[in-house]
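Examination of the molecular architecture
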Amino acid sequence: VASLTEAIARRRTVLAPRPMAVVDGDTLEVGRKLEGEVAPVTIQLANRGTGPLVYRTDADCGCIVERGEGTVPPGGVVLLRPAFDTSGYRGSVEKRIVVYTNDVEMPIHRAVIRADVAPRQTWTGPDALVLPMKGGGKFRYDLAVEPGAGYRPLSATLDGARGEVVLTETAPGRYRFDIDLPG
């Protein structure tokens, strides 16, 4: 109260403390990820104002994990660490994160996470993995397992059908399944 009285007596302008958000990170490139990996990113949120900066993060889907909220003191910095869960995604993907603040000049900041999501494995062959149960025949399926997928086939069997399957590794991460079903 004394400082306010003094400001009035000296005819000085009195300004209320105001936060000022400065966000570093509009486009966050995570590069190539395997489907199912979680890709963390970092967004720096600074308060260059004179009052506390209150923030909350949100996203355009449930695939963004580690949402948060909090307060940044004047002159302070916080690192926001959301992450993109690539489960169920393939190809070029863009997801959006929104940072809401109490800064009247910048109440909303949008950032984009970009990723190229590769499938852990790819099957090729006749009718995608459907074997005819009548008539028999010989079939070939190929499996490509991405490096870093964390697995490789060790054996192959036919469940519920008579026949034979031979598994051959044709190159690192590449496998052939030759299936012979009796007629």
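Above: the structure in question.
In this report, we go over the structure that sits alongside the text.

About the criteria used
Here, residues in each chain are numbered from 1, in the same order as that chain's written sequence. Totals for whole chains, interfaces and linings use every residue, but because this is a predicted model, local features are given only for residues with pLDDT of at least 70 and side-chain atom pairs only at 80 or more, for both listing and counting. Side-chain measures were taken over the full set of non-hydrogen atoms in the model, leaving aside hydrogen atoms and water. Any two cysteine sulfur atoms lying within 2.5 Å of each other are counted as a disulfide. Burial here depends on accessible area, computed with a 1.4 Å probe over protein chains only, as a share of the maximum for the residue type. Under 20% is buried, over 50% is exposed, and the range in between is partly exposed. As used here, the term nonpolar core means buried Ala, Val, Leu, Ile, Met, Phe, Trp, Tyr and Cys residues forming a set that is joined through side-chain atoms within 4.5 Å. Secondary structure elements follow DSSP: runs of H or I no shorter than four residues count as helices, runs of E no shorter than two count as strands, and numbering proceeds from the N terminus. Only heavy atoms matter for contacts: two residues are in contact if any of them lie within 4.5 Å across the pair. A positive count includes Lys and Arg, and a negative count includes Asp and Glu. His and the chain ends are not counted in either. A side-chain nitrogen of Lys or Arg and a carboxyl oxygen of Asp or Glu constitute a salt bridge if their distance falls within 4 Å.

Attention now moves to the state of the cysteines. A full pass over the atoms with the stated rule returns one disulfide. Paired through a disulfide, cysteine 61 and cysteine 63 show a sulfur-sulfur distance of 2.0 Å. The same class applies to cysteine 61 and to cysteine 63, which are both buried.

This brings us to the nonpolar core. Counting residues in hydrophobic clusters, the biggest one holds 24 residues, and the most contacted among them are Ile43, Leu45, Ile64, Phe84 and Ile113. Of all the secondary structure elements, the ones that give two or more residues to this core are β1 (21–24), β2 (27–34), β4 (43–47), β5 (53–59), β10 (91–101) and β11 (108–118). In this structure, isoleucine 43 is in contact with Val23, Asp24, Leu28, Val78, Leu79, Leu80, Pro82, Ile97 and Ala111, ignoring residues within four places of it in sequence. Counting residues in each nonpolar core, the second largest holds twelve residues, with Leu34, Leu143, Tyr175 and Ile179 among its members.

On to the side chain of lysine 95, then. In this structure, lysine 95 sits in strand β10. It turns out lysine 95 is buried and unbridged, and the closest side chain with the opposite charge, aspartate 60, is 4.9 Å from it. Discounting residues that sit within four places of it in the chain, lysine 95 has contacts with Asp60, Cys61, Cys63, Ile64, Phe84, Tyr89, Ala111, Val112 and Ile113.

Counted by the stated rule, this structure contains twelve salt bridges. Among the ionic pairs, glutamate 6 bridges to arginine 10, the shortest N-O distance being 3.6 Å. For arginine 10, a relative accessible area of 59% puts it in the exposed group. With its nearest N and O atoms 3.0 Å apart, the salt bridge here joins glutamate 35 to arginine 90. With glutamate 35 in the loop between β2 and β3 (38–40) and arginine 90 in the loop between β9 (83–85) and β10, this pair connects stretches of sequence that are 55 residues apart. Connected through salt bridges with shared partners, the residues Glu29, Glu94, Arg96 and Arg114 form a single ionic network.

Before going further, it helps to spend a moment on unusual backbone geometry. Of note, arginine 11 is a non-glycine position whose phi angle comes to about 55 degrees, a positive value. As for its position among the elements, arginine 11 is in the loop between α1 (2–9) and β1. For arginine 11, a relative accessible area of 77% puts it in the exposed group. Positive phi values are uncommon outside glycine, yet glutamate 66 reaches one of about 70 degrees. With respect to the helices and strands, glutamate 66 occurs in the loop between β6 (64–65) and β7 (69–72). Relative accessible area serves as the criterion here: at 59%, glutamate 66 is assigned to the exposed category.

Everything listed here is a matter of coordinates, which is why it stays silent on function.
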